[in-house]
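Descriptive structure summary
The chain contents come next:
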Amino acid sequence: MMDYMLKVDRLCKSYQSGARCLTVLHDVSFTVETGSVLAITGPSGSGKTTLLGLCAGLDQVTSGTIELNGLRLDNAGEEERASIRNRYIGYVFQNFQLLPTLTALENVMVPLELQGKRNIRPQAVELLEKVGLADRLHHYPVQLSGGEQQRVSIARAFSTHPRILFADEPTGNLDEETSSKIIPLLFELNREAGTTMVIVTHNADLAKSTQRIIRLKGGQIMEDKPTGDTTPVVQN
Amino acid sequence: MKKDRILPEALPGFRWLLTMAWRDSRKSRTRLSLFMSAIVLGVAALVAIFSLSDHVRGDINEQAKELLGADLVLEAHRATDSAVQKMVDTLGDRRSRDCRFASMVTFPKGGGTRLVQVIALEGDYPYYGRFETIPTHADTDFRRGQQALVDKTLMLQYDAKVGDSIRVGELHFVIAGMLTQAPGRTGLSTTIAPPVYIPFRYLEQTGLLQKGSRFTYSFYFRYADPQKMNRQLSAIQPVLEHEGLNYETVASRKKDTGRQFEDLSQFLTLIGFVALLLGCIGIAGSINIYIREKIPSIAILRCLGAGIRQTFLIYLIQVTLLGWVGASVGAGLGTAIQQLLPLVIKDILPVRISTGISWLSIAKGVGIGVVASFLFALLPLLSIHRIAPLYTLRAPVEPGSERQNLRQILVFSVILVLIILFTRWQMQSWTQALIFSGGILAAFLLLTGVALLLRSTVRRFFPHSLNYLWRQGFANLYRPNNQTILLVVTIGLGAMFIGTLYFVQDMLMKRVAMSADNNQPNIVLFDIQPGQKAAVEQLVKAHHLPVYQNLPVVTMRIEEIKGHNAFQAKEDSISGIPARAFDGELRVTYRDSLTNTEELTAGKFETKPHTSGEPVYISLDESYARRLRVSVGDSMVFNVQGMLLPAVVGSLRKVDWQRFQTNFRVVFPLGVLEEAPRFYVIVTRVPSAEVSAGFQRATVKAFPNISIIDLALVLKVLDEVLRKMGFVIRFMTAFSIATGLVVLMASIYVSKVQRVRETVLLRTLGAGRKQIFTINVLEYCFLGMLAAGTGLLLSLAGGWALSEFSFDASFRPPFIPIVVIFFSITLLTALIGLLSIRNVVSTPPLEILRKEI
Ligand SMILES: Nc1ncnc2c1ncn2[C@@H]1O[C@H](COP(=O)(O)OP(=O)(O)O)[C@@H](O)[C@H]1O
Ligand SMILES: [Mg+2]
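Keep in mind it's a predicted model, so treat the numbers as computed, not measured. (Residues numbered from 1 in each chain as written. Chains lettered and ligands numbered in written order. Predicted model: local features only at pLDDT ≥ 70, side-chain atom pairs only at ≥ 80, totals over all residues. Heavy atoms only, no water.)

With that out of the way, let us pick up the overall build of chain A. The secondary structure content of chain A amounts to seven helices and 10 strands. Along the first, second and third principal axes, the C-alpha atoms of chain A reach 50 × 45 × 40 Å. Relative to its full complement of 236 residues, chain A shows a buried share of 57%. Pairs at least 24 apart in sequence give 66% of the contacts found in chain A among residues at least 6 apart. Distance between charge centroids for chain A: 3 Å, based on 24 positive and 27 negative side chains. (Helix = DSSP H or I, 4+ residues; strand = E, 2+ residues; numbered from the N terminus. Buried < 20%, exposed > 50% of the residue type's maximum accessible area, 1.4 Å probe, protein only. Contact = heavy atoms within 4.5 Å. Lys, Arg positive; Asp, Glu negative; His and termini not counted. Charge placed at Lys NZ, Arg CZ, Asp CG, Glu CD.)

Quick look at the pairing of strand E16 (residues 617–621) of chain B now. All names here are of chain B. Across the five residues of E16, four count as buried, placing the element largely inside the fold. Note that E16 and strand E18 (residues 643–655) share five bridges and pair parallel. Among the inter-strand pairings, Tyr617 is bridged to a residue of E18, identified as Val648. Sheet analysis places E16 next to strand E19 (residues 666–668), joined by two bridges and oriented antiparallel. In the strand pairing of E19, Leu620 is matched with Val666. (Pairing = 2+ DSSP bridges.)

Next up on the list: the interface of chain B and chain A. Listed per partner, the contact involves 36 residues of chain B and 45 residues of chain A. Between chain B and chain A we count four salt bridges in total. The residue Glu78 of chain A makes a salt bridge to Arg302 of chain B at a minimum N-O spacing of 2.8 Å. If you look at where chain B meets chain A, you find 11 residue pairs in polar contact (both at pLDDT 80 or more). For the side of chain B that touches chain A, the elements supplying multiple residues, two or more each, are helix H1 (14–24), helix H10 (250–303) and helix H11 (308–338) of chain B. Per-element accounting of the side of chain B that touches chain A gives the leading share, six residues, to H10 of chain B. Within the side of chain B that touches chain A, the residues separate by chemical class into 18 nonpolar, five polar and 13 charged. (Salt bridge = Lys/Arg side-chain N within 4 Å of Asp/Glu carboxyl O. Polar contact = N/O pair within 3.5 Å; in protein donor to acceptor, adjacent residues only side chain to side chain. Nonpolar A, V, L, I, M, F, W, Y, C, P; charged D, E, K, R; others polar.)

On to the nonpolar core, then. Grouped together as the largest cluster of nonpolar side chains are 144 residues, with contacts concentrated most on Val110 of chain A together with Leu276, Ile287, Ile345, Leu381 and Phe735 of chain B. Among the elements that line this core, the one with the most residues is H10 of chain B, at 23 residues. Contacts of Val110 of chain A, omitting those with residues within four sequence positions, involve Leu99 and Leu102 of chain A together with Trp16, Met20, Arg23, Leu301 and Leu304 of chain B. If you look at the next biggest cluster of nonpolar residues, it comprises 46 residues, including Val540, Met556, Ile561 and Ile618 of chain B. (Core = buried A, V, L, I, M, F, W, Y, C linked by side-chain atoms within 4.5 Å.)

Residue and element names in this part refer to chain B. Two elements in contact, H10 and helix H15 (residues 430–461), have axes whose closest approach is 12 Å; the angle formed by their N-to-C orientations is 40°. Relative to H15, the element H10 lies oblique. Read as a crossing pair, H10 and H15 show a hand that is right-handed. Between H10, through Leu270, Val274, Leu277, Leu278 and Ile281, and H15, the contact on the second element is made entirely by Phe436, Ile440 and Phe444. Taken together, the residues that form the contact of H10 with H15 break down as eight nonpolar, no polar and no charged. (Axes fitted to C-alpha atoms, helices over the stretch in contact; angles between N-to-C directions. Parallel < 35°, antiparallel > 145°, perpendicular 65-115°, else oblique. Left-handed = near helix turned anticlockwise from the far one by under 90°.)

Turning our attention to helix H1 (residues 48–55) of chain A. All names here are of chain A. Counting buried residues in H1 gives eight out of eight residues, a clear majority hidden from the surface. By the burial criterion, the buried members of H1 are Lys48, Thr49, Thr50, Leu51, Leu52, Gly53, Leu54 and Cys55. At the C-terminal side of H1, Gly57 shows a positive phi close to 75°.

Residues and elements named next belong to chain B. Between helix H4 (residues 82–90) and helix H9 (residues 226–243), whose axes approach to 12 Å, the crossing angle comes to 160°. Regarding the angle of H4 to H9, the classification is roughly antiparallel. The handedness of the crossing between H4 and H9 is left-handed. Contacts from Val84, Met87 and Thr90 of H4 reach H9 at Gln232, Ile236, Val239, Leu240 and Glu243. Taken together, the residues of the contact of H4 with H9 break down into five nonpolar, two polar and one charged.

Residue and element names in this part refer to chain B. Cis geometry marks the peptide bond from Tyr125 to Pro126; its omega dihedral reads 0°. Looking at the element boundaries, Pro126 is found in the loop between strand E3 (112–122) and strand E4 (132–134). Ile134 connects to Pro135 through a cis peptide bond whose omega is -5°. Residue position: Pro135 is located in the loop between E4 and helix H5 (138–141). In this structure, Lys27 is a non-glycine residue whose phi angle is positive, near 70°. With respect to the element layout, Lys27 can be found in the loop between H1 and helix H2 (29–36).

Residue and element names in this part refer to chain B. Counted by the stated rule, this structure contains 19 aromatic pairs over all chains. A centroid spacing of 5.1 Å and a plane angle of 65° characterise the contact between Phe101 and Phe215, whose relative ring orientation is edge-to-face. Here Phe101, found in strand E2 (residues 94–107), pairs with Phe215, found in the loop between helix H8 (203–206) and strand E9 (216–222); they are 114 residues apart in sequence, far enough to count as distant. Phe215 carries the same exposure label as Phe101, and that label is buried. Seen from their ring centres, Phe638 and Phe668 are 5.4 Å apart, and the 70° between their planes marks the pair as edge-to-face. Here Phe638, found in strand E17 (residues 635–640), pairs with Phe668, found in strand E19; they are 30 residues apart in sequence, far enough to count as distant. On the basis of relative accessibility, which here comes to 0%, the residue Phe638 falls in the buried class. By relative accessible area, Phe668 is classed as buried at 1%. Ring-pair connections join several aromatic residues into one group, and the members of that group are Tyr125, Phe131, Phe142, Tyr197 and Tyr220. (Phe/Tyr/Trp six-rings, centres within 6.5 Å; stacked < 30°, edge-to-face > 60°.)

Here we take up the pattern of salt bridges. Taken as a whole and assessed by the stated rule, the structure comprises 34 salt bridges over all chains. Put simply, Asp59 of chain A and Lys13 of chain A hold a salt bridge, and the shortest N to O gap is 3.5 Å. Taken together, the positions of Asp59 of chain A in the loop between H1 and strand E4 (63–68) and Lys13 of chain A in strand E1 (residues 4–17) put the pair 46 residues apart, joining distant regions of the chain. Across the salt bridge formed by Arg85 of chain A and Glu78 of chain A, the nearest N and O atoms sit 3.5 Å from each other. Given a relative accessible area of 2%, Arg85 of chain A falls into the buried group. For Glu78 of chain A, a relative accessible area of 23% translates into the label partly exposed. Through salt bridges with shared partners, a single network forms among Glu78, Arg81 and Arg85 of chain A together with Arg302 of chain B.

Let's shift gears to the site of ligand 1. In the vicinity of ligand 1 lie 13 residues, with Gly45, Lys48, Thr49 and Thr50 of chain A together with Arg394 of chain B positioned nearest. Mapping the residues near ligand 1 onto chains gives chains A and B. Between ligand 1 and Lys48 of chain A there is a distance of 2.9 Å, counted from an oxygen atom to a backbone nitrogen or oxygen. With respect to ligand 1, the side chain of Thr50 of chain A contributes an N or O atom lying 2.5 Å from an oxygen atom. Contact with the protein chains covers 72% of the free accessible surface of ligand 1, which is 560 Å². Of all elements in the fold, only strand E2 (20–33) and H1 of chain A reach the threshold of two or more residues within the shell around ligand 1. (Near = heavy atom within 4 Å. Areas by Shrake-Rupley, 256 points an atom, 1.4 Å probe, with all protein chains shown as cover.)

Bringing the confidence of the model for chain A into the picture now. Mean pLDDT over chain A works out to 89, with 95% of the residues at or above the 70 mark. Every residue in residues 230–236 of chain A scores below 50 in pLDDT, and together they form 11 contacts with partners more than four places removed in sequence or on other chains. (pLDDT = per-residue confidence, 0-100.)

All names here are of chain B. With domains assigned, chain B is organised as domain 1 (66–257), domain 2 (462–515 + 717–853) and domain 3 (547–684). Relative to domain 3, the C-alpha centre of domain 1 lies at a distance of 31 Å. Counting residues at the interface gives nine residues for domain 1 and nine residues for domain 3. Note on domain 1 versus domain 3: buried area summed over both sides is about 840 Å², and carbon and sulfur give 44% of it. Counting the contacts that link domain 1 with domain 3 gives zero salt bridges. The tally of links from domain 1 across to domain 3 stands at zero residue pairs in polar contact (both at pLDDT 80 or more). Here the side of domain 1 that touches domain 3 is built from residues that sort into no nonpolar, four polar and five charged. (Domains from an automatic or database assignment. Buried area = accessible area lost by both parts, 1.4 Å probe.)

Looking now at a nonpolar patch on the surface. All names here are of chain B. On the surface, Val371, Leu410, Val414, Val417, Leu418, Leu421 and Trp430 cluster together to form a nonpolar patch covering roughly 620 Å² of accessible area. Tracing the sequence through the fold places Leu421 in helix H14 (residues 402–427). Residue Leu421 is classed as partly exposed on the basis of its relative accessible area of 41%. (Patch = residues over 30% accessible without salt bridge, like charges linked within 9 Å, V, L, I, M, F, W, Y side chains within 5 Å.)

Here's what the structure looks like:
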């Protein structure tokens, strides 16, 4: 039986830029319980995106270990990590990152197709209906507004029923009004699926509505404490 | 904690990759097709030539008998003695013979005279095929009386009609018909020596059968039984050797014609191949930019868990499928173009050329096209391996890995090896193949180098005070992701081809024409009999013309070189004496001094008349001596009309062959050949075409046996021959230029998104449609000028090198053609560029942005 979905131990990440070595993450350790929701906050440039990218297997660590769903990410090869990403991880980007040549529906279907699943269309359609895009199935990303694109992106993230979902400032590129509709949607889908979620946000209210907040600064954990709030969803 | 490695359980299958390739190609299908269409013309050229070869090979096989007109032909270069005649009379089931020689003919009606090939024919040759004449039965009619068959071009030139008369030597013949085609003859050979056929029985009476002139006797045999021919042929082999007779059979003619054609088709195939390579380079360039544009999509796919190989395959599938489409379209086009090729090469080949669909050729062409486009596209596609999923978070900063470059080097090596293999297949020798492949590589590198140099030079000296539109148009050549160099190379190579071809042609013409300059001889009279010598000289002087030379010429054959005869030379290759040195006739003169076109390089030129008992010291042309592997002091034996004449090489001379003048490979001293059968040559100069015509008419009238070589006619014939050959090459070269233009279109399309953004920006900044249009016009004009300039610069260098090392002449580049080529290519480039950009400039910006991204 596993208690932890994600276990990060003494994680370091540094970049070699020319002769200089820039350390972005110093000795970061934390664990995320299965089914819990964690918020990461911190000023811009504090290493949040870097941390999330490492946890999602998008990049290679400099030192330290990352264990996701009992699998070691830090010493997995590129193809192996790709497979882990596809099977266990969902990712919502700040700038949506939809495939421009695919329709909304196809964008949602791709992760499932990558798993070699069949008859996935109804499932994808249902997800898009849930995020309120029932009538935009066959539109291309350029034909959608930012908020709509992020909805597609969320639907895509949930399509494979990931064990863990990473959301990097999911509303960073959206206006307040749109954000206030996206966030509940994200939390609702998350609660429904019972997914573990790590969300990076500047929004204090949003952060408070999670079970735990890690505050990052200069690549180090400044603070790691539970919010004490038992209801993980903000009600607007 | 040890954990099992995790591996994908159910990989998405090939079908999904196909689906993704299809989906991903949305919005860029036009562009992608355009990239791949760069190979269309190259494949078309290859398929057209492969199909042509395929058909011509069959045509030669089918028409081989018609090419020869008989089963066996014997050829003698002098009058046959009775022994040979007797042998000939025992051969074959049916026999014909002819005697051919150069002679003047006169068309009395218009008074025109011209040097032609007179063929006196006896028997019912040809046994296969037929003379094509107008009227159709003229080929049998003319044999019945004092009638002639006259080549069509000749009749057109002198405005002669069937029924008119033509004078050959002392006799007048009625023109029975116009000859349009004779067995084995090509348009080219007819241009050089237009034939006039007369019945053999009048040959004697023409008075042209003088000793010392050059005659070729041919005997044609028809066999009902091929076995009999082979038996007889092997029986007479020793006689043939001994008498210096050549023979041809249908099989040997088939081989000769086939070989000539293979040379031509190889050459054309290689030109087509270069067009294909150009297209492939274009593809590599376009795909490179396409992939760069696809980086975000690739990174997203990788984020979602697609493997490197899967992502790579998605794009590989796109490119390969389009490569197939491009190659197939090319094959269709090639099959269509093949219908035109016979028009282009019909004057060069002696066969009637058939056309049609050749599946084998199509398969070969498509195969080559697909493989080539695949490999060239692979070069940029391999960079997909470099695109990490991290790109979704931020643009990558780390450079490509070593392994990546290694893969590209590997693909590049494969391409190089395949190019070498292909050329080897075409050229049948590794050395040639390596030289050609190396040449291609060097040409591309050189073009790139010159293009880079030219571009940076222009950039440095570009007047920055010019107005904004000019500066912007010029600056566009340097925009990020620009394809300037690629385009300059592809279009420039075409310009280089055309330029070089033109210069070579021009040089050949100039070389001959140079001798038409003031005070240089331009008329040669030959076949003057010893008894006519004084009278002809008199006639020349009576026309107030100068006599530059008046020389005796003796015809002989080489019997032995350094103690080796023809037979030994053939058997023993160690001596290095070429067996063909013993073939054919040698024309020599005798005199006691060097002429002003000669220069002694070794030994001592014999100025004293020969005294009996002493060796005969002869003088050889330097390069001729080199070919025969002889030097000063070596012995040779000559055969002068059956009499053997030993001699010793006494000196070597360097001869300036460029002058229109009689020069000789071998010069004898005085006192040896004075009694031998000989004729005289007089060299003179006529000041104008009218004087020339009058003088020639008078000469032929008084001395019908004398032949006249007119430099003006030689120039005309040369011009025509070069034009006919040049047309074939130009036709093929056009594929390279056209490919360059397709690459241009593709590269404009590939930068479309960027161009649209620029246009939008410029328009938002208040630029009018006209101004944007001007900027683009200027950009393509600059591009075309750069490409044409690079190509022409290289062709000038090539022309100079050729003239310096190959033609031994000073290179004066023709100014007007250079200007014409330069501006045509610039204009064409600008035109194509504008056509492709048109819809980008004229559609509302937002609409394009929505559609294109
Ligand atoms: N490839 C890289 N090379 C050098 N520095 C990098 C690289 N990627 C990120 N950084 C640096 O790492 C720091 C953390 O970046 P990031 O994780 O994006 O912060 P955040 O998401 O918290 O704003 C920044 O200072 C950034 O400049
Ligand atoms: Mg960030």
